[in-house]
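# Descriptive structure summary
Read off the chains here:
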Amino acid sequence: MALFGGSKKNYSTITVKKRDVPDGLWMKCPSCGEIVYKEEVATNLEVCTKCGHHFTLGRQQRINLLSDEGTFVEWAGGIKSVDILGFTGQQSYIDKLESNQKKSGWDDAITVGGCKLNGRDIGLGVMDFSFLGASMGSVVGERVTYLIERSTKERRPILLSCASGGARMYEGLLSLMQMAKTSAALARHAEAGLPYIPILTHPTMAGVMASFATLGDLIVAEPEALIGFAGPRVIKETTQQDLPEGFQRAEFLQQHGLIDMVIPRCELRERMILVLDYLCDN
């Protein structure tokens, strides 16, 4: 007899398997903590669909964003890095270059070229932080200079997407010389009355920040990009002062006059078209 007068129940022993979910479909946003669908983020130009956090955008994707389809032609691609100092350490400079070239599919930290944007001829450069931290060596400096000088000759405005950790230590003083070389080329571009717009992405630091990244007619940045010369820890130790909240972020620098515009990536193309229409004679 059942304890409460009921009949004995039969319990199933069948195990229901969870649907297998393939790895790599989801990602956690570091800003809002939400789990977001990778494909949606990719479709949204690598911007979180929940909070607007800007993930790193690949080099080719950024070229596609800032040029009309099928119009980009690479310039100065034949310039290659060499180990002129014979740098040695845990890994040689040549080994570093080869591993980064294999990993990224690109031969150095920047690609420059000519293209059209909304039908207008422009010069375009895109730095890639995934290649040796987009450090500025001789090749980076030479390609930037070539971009500027050819654009000056052909009377093109320039858009240059910047990202860097600074000078390339493997090239010593030669890397620091690129600051002066690129700055001089930009001075001649400005004398010709041609617009130059640097687009500062996360992060843009050190020698790049102290040269061509901040010499534009209009300085643009992506939201929350880290921008500065030395790191916050170094500055705090040097000044012996607590730094303001948001120090060295794009929005803080805009409020204090260093940056002119902070533009979400999804609006960047149209805003650049509008700005070039305003700045250019034709």
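The structure this text deals with has already been given above.
If you're wondering where the values come from, they're calculated on a predicted model, not measured in any experiment.

## A few points about the packing of helix α4 (residues 138–153) against helix α5 (residues 173–191)
Across the interface, α4 lies against α5 with an axial gap of 9 Å and an inter-helix angle of 10 degrees. By the angle class used here, α4 and α5 are roughly parallel. Across the interface between the two elements, Ser 138, Gly 141, Glu 142, Val 144, Thr 145, Ile 148, Glu 149, Ser 151 and Thr 152 of α4 pack against Leu 174, Gln 178, Lys 181, Thr 182, Ala 185, Leu 186, Arg 188 and His 189 of α5. Partitioning the contact of α4 with α5 into residue classes produces five nonpolar, eight polar and four charged.

## Details of α4
For α4, built from 16 residues, the straight-helix expectation of 22 Å at 1.5 Å per residue is met to within 8% by its first-to-last C-alpha distance of 22 Å. Considered for burial, the residues of α4 that qualify are Val 139, Val 140, Gly 141, Arg 143, Val 144, Thr 145, Leu 147, Ile 148, Ser 151 and Thr 152. Lining the buried residues of α4 we find β3 (73–75), β4 (110–117), β5 (120–127), β6 (158–164) and α5. Just past α4, the residue Arg 155 takes up positive phi, approximately 55 degrees.

## Quick notes on the side chain of Arg 59
Looking at where Arg 59 falls in the secondary structure, it is placed in helix α2 (residues 59–65). A polar contact is formed between the side chain of Arg 59 and the side chain of Thr 111, at a distance of 2.8 Å. A distance of 3.2 Å separates polar atoms of two side chains, one belonging to Arg 59 and the other to Asp 128. Excluding residues within four positions of it along the chain, Arg 59 makes contact with Trp 106, Asp 108, Ala 109, Ile 110, Thr 111, Val 126, Asp 128 and Phe 131.

## Details of the environment of Val 126
By the secondary structure assignment, Val 126 is in strand β5. On the basis of relative accessible area, Val 126 is assigned to the buried category, the value being 1%. For the pair formed by Val 126 and Leu 159, sequence separation is 33 residues and the distance between their alpha carbons is 8.6 Å. Each residue touching Val 126, except ones within four places of it in the same chain, is listed here: Arg 59, Arg 62, Ile 63, Ala 109, Ile 110, Thr 111, Leu 160 and Ser 161.

## Thoughts on the pairing of β6
Across the seven residues of β6, seven count as buried, placing the element largely inside the fold. Neither face of β6 is exposed, since Ile 158, Leu 160, Cys 162 and Ser 164 on one face and Leu 159, Ser 161 and Ala 163 on the opposite face are all buried. Alignment of β5 against β6, held across four bridges, turns out to be parallel. Among the inter-strand pairings, Leu 124 is bridged to a residue of β6, identified as Leu 159. Assessed by its sense of winding, the connection that carries the chain from β5 through α4 to β6 is right-handed.

## Focus on the nonpolar core
Within the largest apolar cluster, 37 residues are counted, with the highest numbers of intra-cluster contacts made by Met 127, Leu 160, Cys 162, Leu 200, Phe 212, Ile 227 and Ile 259. Within the residue set of this core, elements represented by two or more residues are α3 (93–104), β4, α4, β6, α5, β7 (196–205), α6 (206–209) and α8 (250–255). Within the second largest apolar cluster, 22 residues are counted, among which are Leu 57, Leu 117, Ile 263 and Leu 276.

Rules of the game
Position numbers for residues start from 1 in each chain and track the written sequence from start to end. In view of the model being predicted, local features appear only for residues whose pLDDT reaches at least 70, and side-chain atom pairs are presented and counted only at 80 or more, with totals across whole chains, interfaces and linings using the full set of residues. No hydrogens and no water enter the side-chain calculation; it runs on all heavy atoms of the structure. Angles shown run from 0 to 180 degrees and are taken between the N-to-C directions of axes, each axis being a line fitted to C-alpha atoms and, for helices, limited to the stretch in contact. By definition, any uninterrupted DSSP run of H or I lasting at least four residues is a helix, any uninterrupted run of E lasting at least two residues is a strand, and each is numbered from the N terminus. Here is the rule for angles: anything less than 35 degrees is roughly parallel, anything more than 145 is roughly antiparallel, 65 through 115 is roughly perpendicular, and the remaining ranges are oblique. Contacts are residue-level and defined by heavy atoms, with any inter-residue pair within 4.5 Å sufficient. When residue character is reported, Ala, Val, Leu, Ile, Met, Phe, Trp, Tyr, Cys and Pro are called nonpolar, Asp, Glu, Lys and Arg charged, and the others, Gly included, polar. In a helix, the anticipated span is given by 1.5 Å times the number of residues less one. Exposure is judged per residue with a 1.4 Å probe applied to protein chains only, and the accessible area is read against the type maximum: over 50% gives exposed, under 20% gives buried, and values in between give partly exposed. Polar contacts here mean pairs of N or O atoms no more than 3.5 Å apart (in protein, one a potential hydrogen donor and the other a potential acceptor; neighbouring residues in sequence count only if both atoms are side-chain atoms). Only strands that DSSP links by at least two bridges are regarded as paired with each other. Whether a crossover is right-handed comes down to one check: with the strands pointing away from the viewer, does the path from the first strand over the helix to the second run clockwise; if it does, it is right-handed. To define a nonpolar core, start from buried Ala, Val, Leu, Ile, Met, Phe, Trp, Tyr and Cys residues and group those joined through side-chain atoms within 4.5 Å.

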